Amino acid sequence: YDLNQAMRASLGLQYEETANQERATLVGRVDLALSEGTSIYGFAGAGLDDDYDQNNHIGLGFDWRVSDTLTAHAEAALYDGEHWRAEFGLTNHVGPNEQSYLTWGLDEHAGTTSQGHDSLLTVGGRREITDNVVIFGEDKRYFDGLDAVGDTHALGAEWEFAQGYT
C-alpha cells in the first residue's frame, strides 16, 4: 500500500525448520524513504502456531545504501513481549533482482531463549520473481558465546502491495 512516493508496505510468510520443530510466521513491514538510499522501517510478526509464540515481535530498523552494491542495516525488535534483539547486517546487491545478506543478532537475555542462545548469525539470499513478489532462503546459526548451539533453515515469500492503492 503506497501512501505517497516515499512509503511502501509489504506482507510476508516465513517457514522455519529446526532439528525439533517447524513453525510459520506472518510478517508485515512499512518502509519510509528519508533520502536516496536511506530509509527507516517498522515491522511486526506473528507466529501462526497456537503453541509457539516466540516469533511474535515488533521492531524498528534503519537502512543505509553504502555503495551501488552494498547496503548496511541496523534494527531492534521486542520478541514475545519479553526480550530485545539487536541486529546488524550487510546486503550485497548481486544484480538488479537478487541480493545476498549476512546479519548478526544479539539477544538481551543471553541463554534465556528456548534455544539457549545469546547471538544469531544469518546468511541468506533474496530474489524478485515479479515487481511485487520476492522469495528468500536463509540459514541461521545460534551461538552461546563462541559455541554453536543450533541452526535453522528458512524459506519464505513476500508480497509488496501494488502501487496506486488509495
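This text follows the structure it describes.
Since the structure is predicted, the reported quantities are computational estimates derived from the model, not experimental observations. (Residues numbered from 1 in each chain as written. Predicted model: local features only at pLDDT ≥ 70, side-chain atom pairs only at ≥ 80, totals over all residues. Heavy atoms only, no water.)

**Student:** It is not clear to me how the overall build of the protein chain should be interpreted in this structure. Could you clarify?
**Tutor:** The number of helices and strands found in the protein chain is 0 helices and 10 strands. Going from the N terminus to the C terminus, the protein chain shows its helices and strands as β-β-β-β-β-β-β-β-β-β. Looking at the protein chain as a whole, 33% of its 166 residues are labelled buried. Considering only intrachain contacts with a sequence separation of at least 6, the fraction spanning at least 24 residues in the protein chain is 36%. By element, 56% of the accessible surface of the protein chain is carried by carbon and sulfur atoms, the whole surface being about 9800 Å². (Helix = DSSP H or I, 4+ residues; strand = E, 2+ residues; numbered from the N terminus. Buried < 20%, exposed > 50% of the residue type's maximum accessible area, 1.4 Å probe, protein only. Contact = heavy atoms within 4.5 Å. Areas by Shrake-Rupley, 256 points an atom, 1.4 Å probe, with all protein chains shown as cover.)

**Student:** Would you take a moment to explain the pairing of strand β3 (residues 38-47) for this structure?
**Tutor:** As a general feature of sheets, a regular strand has side chains that alternate between the two faces. Of the pairings in the sheet, the one linking strand β2 (residues 22-35) to β3 comprises 10 bridges and is antiparallel in character. Note that in β3 the partner of Val 30 across the bridge is Gly 42. The turn joining β2 and β3, which pair antiparallel and follow one another in sequence, is formed by 2 residues; a positive phi near 90 degrees is taken by Gly 37. Here β3 pairs with strand β4 (residues 57-65) via 8 bridges, running antiparallel. Bridging from a neighbouring strand, Tyr 41 pairs with Gly 61 of β4. (Pairing = 2+ DSSP bridges.)

**Student:** Which parts of the structure should I look at to understand the sheet that holds strand β6 (residues 83-95)?
**Tutor:** The strands that make up a sheet pair up through hydrogen bonds in the backbone, lying either parallel or antiparallel. The strand order β1-β2-β3-β4-β5-β6-β7-β8-β9-β10 describes a closed barrel built from 10 strands, whose pairing is antiparallel. Mean inter-strand twist for the sheet, computed between neighbouring axes without regard to direction, equals 20 degrees. (Axes fitted to C-alpha atoms, helices over the stretch in contact; angles between N-to-C directions.)

**Student:** What is the right way to read the side chain of Lys 140 from this model?
**Tutor:** Mapping Lys 140 onto the fold places it in strand β9 (residues 133-144). Within polar-contact distance, the side chain of Lys 140 engages the side chain of Glu 138 at 3.5 Å. With sequence-adjacent residues up to four places away left out, Lys 140 is seen in contact with Gln 14, Glu 16, Leu 120, Leu 121, Thr 122, Gly 150, Asp 151 and Thr 152. (Polar contact = N/O pair within 3.5 Å; in protein donor to acceptor, adjacent residues only side chain to side chain.)

**Student:** How should the pattern of salt bridges be read in this particular structure?
**Tutor:** Any two side chains of opposite charge can pair, given that their charged atoms come close. Overall, the coordinates contain 7 salt bridges when judged by the stated rule. The partner of Asp 107 in a salt bridge is Arg 85, with the nearest N and O atoms 2.8 Å apart. Here the residue Asp 107 occupies a position in strand β7 (residues 98-107), and Arg 85 occupies one in strand β6, the gap between them amounting to 22 residues. Neither Asp 107 nor Arg 85 differs from the other in exposure class; each is buried. Taken together, the shared-partner salt bridges connect Arg 8, Arg 29, Asp 31 and Asp 63 into one network. (Salt bridge = Lys/Arg side-chain N within 4 Å of Asp/Glu carboxyl O.)

**Student:** What should I look at first to understand a nonpolar patch on the surface in this one?
**Tutor:** A cluster of nonpolar side chains, contributed by Leu 32, Leu 34, Ile 40, Phe 62, Trp 64 and Val 66, occupies part of the molecular surface with about 510 Å² of accessible area. Elements supplying a minimum of two residues to the nonpolar patch: β2 and β4. Note on placement: Trp 64 falls in strand β4. (Patch = residues over 30% accessible without salt bridge, like charges linked within 9 Å, V, L, I, M, F, W, Y side chains within 5 Å.)

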